[in-house]
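# Results of the structural survey
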Amino acid sequence: LARAFAALRRIEPHAHAAWIHDLDVARARARRFRAAFAALDPLAAYALKANALPMLLEALAHEGLGADAGSLGELEAADRAGFPAGRRVLNGNGRTAEEAEWVAREGVALVNADHVGELELLDRAAAQAGARVRVALRINPGIATPGHDYVATGHDEAKFGVSVAEASDALRHRTRWPHLQLDGVHVHVGSQLLDPAPMAAALDAALAVADEVARAGPPLGALNLGGGFGYDYAGRHEFPLEAWAEAVRARTAGRFERLVVEPGRWIVAPAGALVAEVLWVKQRSGRRFVVLGAGMNDLLRPALYHARHRIEPLAPRAQQATPADVVGPVCESADVFARDVPLPPLERGDLLAILDVGAYGAVMSSNYNGRGRLAELVLEGGGVTLARAAETGADVTRRDRAERLL
Ligand code: LLP
């Protein structure tokens, strides 16, 4: 990491922080994920929302993963990175006519519809393009998940999905949408699950819908189990991937022509680090504040979800570690990466690495406080590549106008 950051500084001498993504790690995890599910031969559609850096997407497409897009922009990114039509999935609860037209025209393996009304829109787009679009209906099975409320998606108050009864009804009457191949059910009950129990409950709910539909008419062909495969940021234990894959196989083998899973975090979380320079060290009322050159506009997870990522100095001094609050430079009290973490003595100019930020890291960054997004580097086979340049002041103000409209 230190060597990569030094290489960046040779072309951007004033860089105070950067994202560093390790493609070898991401590739190895993609392979392990595919191997775990090999007996089911699913479409493992990587959720682009976790990290959509083009170099990373190209590597994952090459590893045989599919792409789960949540927007038109992600569909286009998947297309540019080389994910073929038969390996693309479209998600999202705010379907637009533009997205419907795009998938009907360019092709997609599956669209997960979040709502029955959306089927009209998809059906019309398919008719116009002379295409048949495969669609699964997302159910909200009313399942609570542990962890932060903001990443729970399958409980009654969550905005996602339709009721089980509404889904069964639409699927039993699917000839209403003649240009769609509406023969699937989709569940995704939450992210960052380290225990697959809620996923097992969601699988039960999806299978119950499939059973009900099959009793009344032709059976469903597609089952999409979503993402949610967690990553332990404390590094203590891991999501039981192989055991969960075997449990899915035992329950579903031979029942569906198309099985889809949508891993995001699991594939890329440990493949990314945020390296930042120590700008200042300040002591006040018994606390040591370490101010970094990266802030909550760069890595939002601690401020938004109280997420805690491990933080390590790149060149630790030998002396004893004492507690420190590691903070960013943004004018917000939530701009804190960690409180009371044991760190050795630090000085201005030292480099710290915030670990396991390959998922939902750089993608969630913003220009808040007038800050340009950071450069993104890629490590691959011993080499270091600049995969995305840092935003300059001109980039940040590029869209500003005084263009009178009325
Ligand atoms: N499929 C659907 C429909 C999703 O909504 C998501 C994530 C995924 C798959 C991928 O889930 P994963 O395997 O990564 O858990 N920003 C939050 C996470 C938000 C997840 C949103 N949906 C975070 O930083 O923890």
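Quick summary incoming for the structure in this document.

Thresholds, definitions, all that
Residues numbered from 1 in each chain as written. Predicted model: local features only at pLDDT ≥ 70, side-chain atom pairs only at ≥ 80, totals over all residues. Heavy atoms only, no water. Helix = DSSP H or I, 4+ residues; strand = E, 2+ residues; numbered from the N terminus. Rg over C-alpha atoms; globule rule 2.2 N^0.38 Å. Contact = heavy atoms within 4.5 Å. Areas by Shrake-Rupley, 256 points an atom, 1.4 Å probe, with all protein chains shown as cover. Lys, Arg positive; Asp, Glu negative; His and termini not counted. Charge placed at Lys NZ, Arg CZ, Asp CG, Glu CD. Axes fitted to C-alpha atoms, helices over the stretch in contact; angles between N-to-C directions. Left-handed = near helix turned anticlockwise from the far one by under 90°. Near = heavy atom within 4 Å. Polar contact = N/O pair within 3.5 Å; in protein donor to acceptor, adjacent residues only side chain to side chain. Nonpolar A, V, L, I, M, F, W, Y, C, P; charged D, E, K, R; others polar. Expected span 1.5 Å × (residues − 1). Buried < 20%, exposed > 50% of the residue type's maximum accessible area, 1.4 Å probe, protein only. Arc of directions from axis to C-beta. Pairing = 2+ DSSP bridges. Phe/Tyr/Trp six-rings, centres within 6.5 Å; stacked < 30°, edge-to-face > 60°.

## So, the overall build of the chain
Along its length, the chain carries twelve helices and 17 strands. Computed over C-alpha atoms, the radius of gyration of the chain comes to 23 Å, within 12% of the 22 Å expected from 2.2 N^0.38 for 406 residues, which places it in the range of a compact globule. For the chain, the C-alpha atoms occupy an extent of roughly 70 × 55 × 40 Å along the three principal directions. For the chain, the share of sequence-separated contacts (at least 6 apart) that also reach a separation of at least 24 residues comes to 71%. When the accessible surface of the chain is totalled, it reaches about 17,900 Å², and 51% of it is carbon and sulfur. Within the chain, the 50 negative side-chain charges are centred at a point lying 2 Å from the centre of the 46 positive side-chain charges.

## Regarding the packing of helix α2 (residues 23-36) against helix α3 (residues 54-62)
Relative orientation of the contacting elements α2 and α3 amounts to 30 degrees, with a least axis distance of 10 Å. The hand of the α2/α3 crossing is right-handed. Along its contact with α2, which presents Leu-23, Ala-26, Arg-27 and Ala-30, the element α3 presents Met-55, Leu-56, Ala-59 and Leu-60.

## Quick word on the site of the ligand
Near the ligand you find 21 residues, and of these Ser-191, Glu-262, Arg-301, Tyr-305 and Tyr-360 are the closest. Contact between the ligand and Arg-265: an oxygen atom at 2.8 Å from a main-chain N or O atom of the residue. If the ligand stood free it would expose 580 Å²; the protein chains cover 91% of that surface. Its residues assigned to classes, the shell around the ligand comprises seven nonpolar, eight polar and six charged.

## Brief notes about helix α8 (residues 197-216)
Taking 1.5 Å per residue as the helical rise, α8 with its 20 residues ought to reach 28 Å, and the 29 Å between its terminal C-alpha atoms agrees with that figure. Burial in α8 covers these residues: Pro-198, Met-199, Ala-202, Leu-203, Ala-205, Ala-206, Leu-207, Val-209, Ala-210 and Val-213. In this structure, the buried side of α8 is in contact with α7 (164-172), β7 (180-186), β8 (222-224) and α9 (241-252).

## Thoughts on helix α4 (residues 72-81)
Note that an α-helix has 3.6 residues per turn; residues three or four places apart therefore point the same way. Buried within α4 we find Glu-74, Leu-75, Ala-77, Ala-78 and Ala-81. Viewed end-on, α4 has its buried residues packed into an arc of 165 degrees, placing them on one side of the element. Buried residues belonging to α4 abut α3, β3 (66-69), β4 (88-90) and α5 (97-106). Immediately downstream of α4, the backbone of Gly-82 shows phi near 100 degrees, a positive value.

## Comments concerning the sheet that holds strand β5 (residues 110-113)
Taken together, the eight strands give a closed barrel; going around it, the order is β2-β3-β4-β5-β6-β7-β8-β9, and neighbouring strands pair in parallel fashion. With direction set aside, neighbouring strand axes in the sheet form an average angle of 30 degrees. Here three bridges tie β7 to β8, and the two strands are oriented parallel to one another. Bridging from a neighbouring strand, Val-185 pairs with Leu-223 of β8.

## A short note on the packing of aromatic side chains
This model, assessed by the stated rule, comprises six aromatic pairs. For the pair Phe-33 and Phe-229, a centre-to-centre distance of 5.2 Å together with 85 degrees between the ring planes defines the contact as edge-to-face. With Phe-33 in helix α2 and Phe-229 in the loop between β8 and α9, this pair connects stretches of sequence that are 196 residues apart. Exposure class is identical for Phe-33 and Phe-229. Each is buried. For the ring pair Phe-33 and Trp-266, a centre distance of 5.9 Å and an interplane angle of 55 degrees mean the geometry is tilted.

None of the figures reported here should be taken as evidence of function without further support.
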